[in-house]
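Analysis of the macromolecular model
Each chain is listed here by its residues.
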Amino acid sequence: MELNKYLDVAPEVKKAIEEGKPVVALESTIISHGMPYPKNVETALNVEKVIRDNGAIPATIAIIGGRLKAGLSKEEIEYLGKTGQKVTKVSRRDLPVIVSKKMDGATTVATTMIIAAMAGIKVFATGGIGGVHRGAETTMDISADLEELAQTPVLVVCAGAKAILDLGLTLEYLETKGVPVIGYGTEELPAFYTRKSGFKVDYRLDTPEEVAAAFVAKRELGMAGGMLLTNPIPEQYAMDYDTINKAIDQAIKESVEQGVKGKATTPFLLARVVELTGGDSLESNIQLVYNNAKVASQTAVEISKMN
Ligand code: PSU
Ligand code: MN
């Protein structure tokens, strides 16, 4: 396997990929910018365990000293979590300078997909993806995550998208770009903290075998790009629809008042929602990530059987 000169794949991950064993990628912006310390580190380490318990090898992805890392040590995860928002959040456009300057960076969904694909990893578990922001018709704030799903062949398992985004426009964008949006055991797009959103997914699939078959079919059709599996938060951890949406509306109002723009927008809203809901939303966030890691691992196991 000829690897990119900037890429370091951890030995355990490299061995699994070479042997066609299931591997699940994890992002690091969720650690540095998505959750507060020390819960972020605790969650990042637990999620790796969930993946192992479900028969796959975890590969947490980040950039350390300009090296693209597929598979982090416990110390590297601890460092990213402790440094928090002081670590550079690296999306597609940030990658060349961060690498050439030998900097550290936390990878978004987009960049994690890029590095996973370079390493030969097909499945990636996260919490929520970036998307089309509310008001994008004037701000043009659309996450690079959507373009990445259009062009990079990775299955992303998430709990839908947070209602900090315009979910309807996000679905329209994904449709235009030809990205299949699959509901795992549901016809309705989950909205991260809640199982309901009022929007429909493209297809409902009910088992890891079905999801694996759709993903493999896409590849065998010679079609570029990834696929989005939206997995609803387990009922017992779901939040009250009105409570969470009130907090989100308040956070958006403050972001507009304070003139928060560009790459700072999503981290600002994530942190404010946690503060406004007094930590309840953080617990939901953690539990849905574990649930996504489980489904991603089960699907990776099925894909590895089909190769
Ligand atoms: N949404 C969440 N949690 C997160 C993110 C989004 O619920 O941690 C992070 C992910 O890393 C995602 C990124 O890829 O924010 C999107 O940022 P932006 O909107 O700037 O593209
Ligand atoms: Mn943006």
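Here, every reference points to the structure presented above.
Residues numbered from 1 in each chain as written. Chains lettered and ligands numbered in written order. Predicted model: local features only at pLDDT ≥ 70, side-chain atom pairs only at ≥ 80, totals over all residues. Heavy atoms only, no water.

A separate point is the pairing of strand E4 (residues 67-70). As judged from the 3 bridges shared by strand E1 (residues 7-9) and E4, these two strands associate in the parallel manner. Across the sheet, Val 9 pairs through a bridge with Ala 70, a residue of E4. Taken together, the 4 bridges between strand E3 (residues 57-64) and E4 define a ladder with antiparallel strand orientation. Residue Ala 62 lies in a different strand from E4, and its bridge partner there is Lys 69. Joining the antiparallel neighbours E3 and E4 is a turn of 2 residues, in which Gly 65 adopts a positive phi near 55°. (Pairing = 2+ DSSP bridges. Helix = DSSP H or I, 4+ residues; strand = E, 2+ residues; numbered from the N terminus.)

The subject of this paragraph is the pattern of salt bridges. Tallied over the full model, the rule gives 22 salt bridges. We note a salt bridge from Lys 21 to Glu 19, for which the minimum N-O separation is 2.6 Å. Residue classification places Lys 21 among the partly exposed positions, given a relative accessible area of 46%. With a closest N to O distance of 3.6 Å, Lys 196 and Glu 188 form a salt bridge. (Salt bridge = Lys/Arg side-chain N within 4 Å of Asp/Glu carboxyl O. Buried < 20%, exposed > 50% of the residue type's maximum accessible area, 1.4 Å probe, protein only.)

Bringing the nonpolar core into the picture now. Generally speaking, a soluble globular protein has its nonpolar side chains buried in company with each other. Grouped together as the largest cluster of nonpolar side chains are 104 residues, with contacts concentrated most on Val 13, Ile 121, Ile 129, Leu 149, Val 156 and Leu 228. Counting residues per element, this core draws most heavily on helix H13 (residues 280-306), which supplies 10 residues. Setting aside chain neighbours within four positions, we find Val 156 in contact with Val 109, Met 113, Phe 124, Thr 126, Ile 129, Leu 149, Met 227, Leu 228 and Leu 229. (Core = buried A, V, L, I, M, F, W, Y, C linked by side-chain atoms within 4.5 Å. Contact = heavy atoms within 4.5 Å.)

All chains considered together, the criterion is met by 2 cavities of 30 Å³ or more. Roughly 110 Å³ of volume is contained in the largest cavity. Forming the boundary of the largest cavity are 13 residues, of which Ile 30, Ile 31, Ala 44, Val 47 and Val 289 lie nearest the centre. For the lining of the largest cavity, the element with the most residues is helix H3 (residues 39-53), which contributes 4 residues. Partitioning the lining of the largest cavity into residue classes produces 8 nonpolar, 4 polar and 1 charged. The space that makes up the second largest cavity amounts to roughly 60 Å³. Around the second largest cavity sit Ile 129, Gly 160, Ala 161, Leu 167, Thr 170, Leu 171, Leu 174, Val 181, Leu 189, Leu 228 and Thr 230, which together line it. Among the secondary structure elements, those contributing two or more residues to the lining of the second largest cavity are helix H9 (167-176) and strand E11 (227-230). Counting residues per element, the lining of the second largest cavity draws most heavily on H9, which supplies 4 residues. (1 Å grid on protein atoms, 1.4 Å probe; cavity = no way out; pocket = protein on both sides within 12 Å on 5 of 7 lines; lining within 4 Å. Points joined across faces, edges and corners; volume = space filled by probe spheres on them. Nonpolar A, V, L, I, M, F, W, Y, C, P; charged D, E, K, R; others polar.)

In this section: the side chain of Glu 27. In this structure, Glu 27 sits in the loop between strand E2 (23-26) and helix H2 (29-32). Despite its burial, Glu 27 remains without a salt bridge, the nearest opposite charge being carried by Lys 89 at 8.9 Å. Side-chain polar atoms of Glu 27 contact the backbone nitrogen of Thr 29, separated by 3.5 Å. A distance of 3.2 Å separates a polar side-chain atom of Glu 27 from the backbone nitrogen of Ile 30. Once you skip the residues sitting within four places of it in the chain, Glu 27 turns out to touch Thr 60, Ile 61, Thr 107, Thr 108, Val 109, Thr 112, Phe 124, Ala 125, Thr 126 and Gly 128. (Lys, Arg positive; Asp, Glu negative; His and termini not counted. Polar contact = N/O pair within 3.5 Å; in protein donor to acceptor, adjacent residues only side chain to side chain.)

On to the packing of helix H8 (residues 144-151) against H9. Direction vectors running N to C along H8 and H9 enclose 30°, while the axes themselves pass 9 Å from each other. Relative to H9, the element H8 lies roughly parallel. The interaxial crossing formed by H8 with H9 has right-handed handedness. Residues Leu 146, Glu 147 and Leu 149 of H8 touch H9, and the partners they reach there are Thr 170, Tyr 173 and Leu 174. Looking at the contact of H8 with H9, its residues break down into 4 nonpolar, 1 polar and 1 charged. (Axes fitted to C-alpha atoms, helices over the stretch in contact; angles between N-to-C directions. Parallel < 35°, antiparallel > 145°, perpendicular 65-115°, else oblique. Left-handed = near helix turned anticlockwise from the far one by under 90°.)

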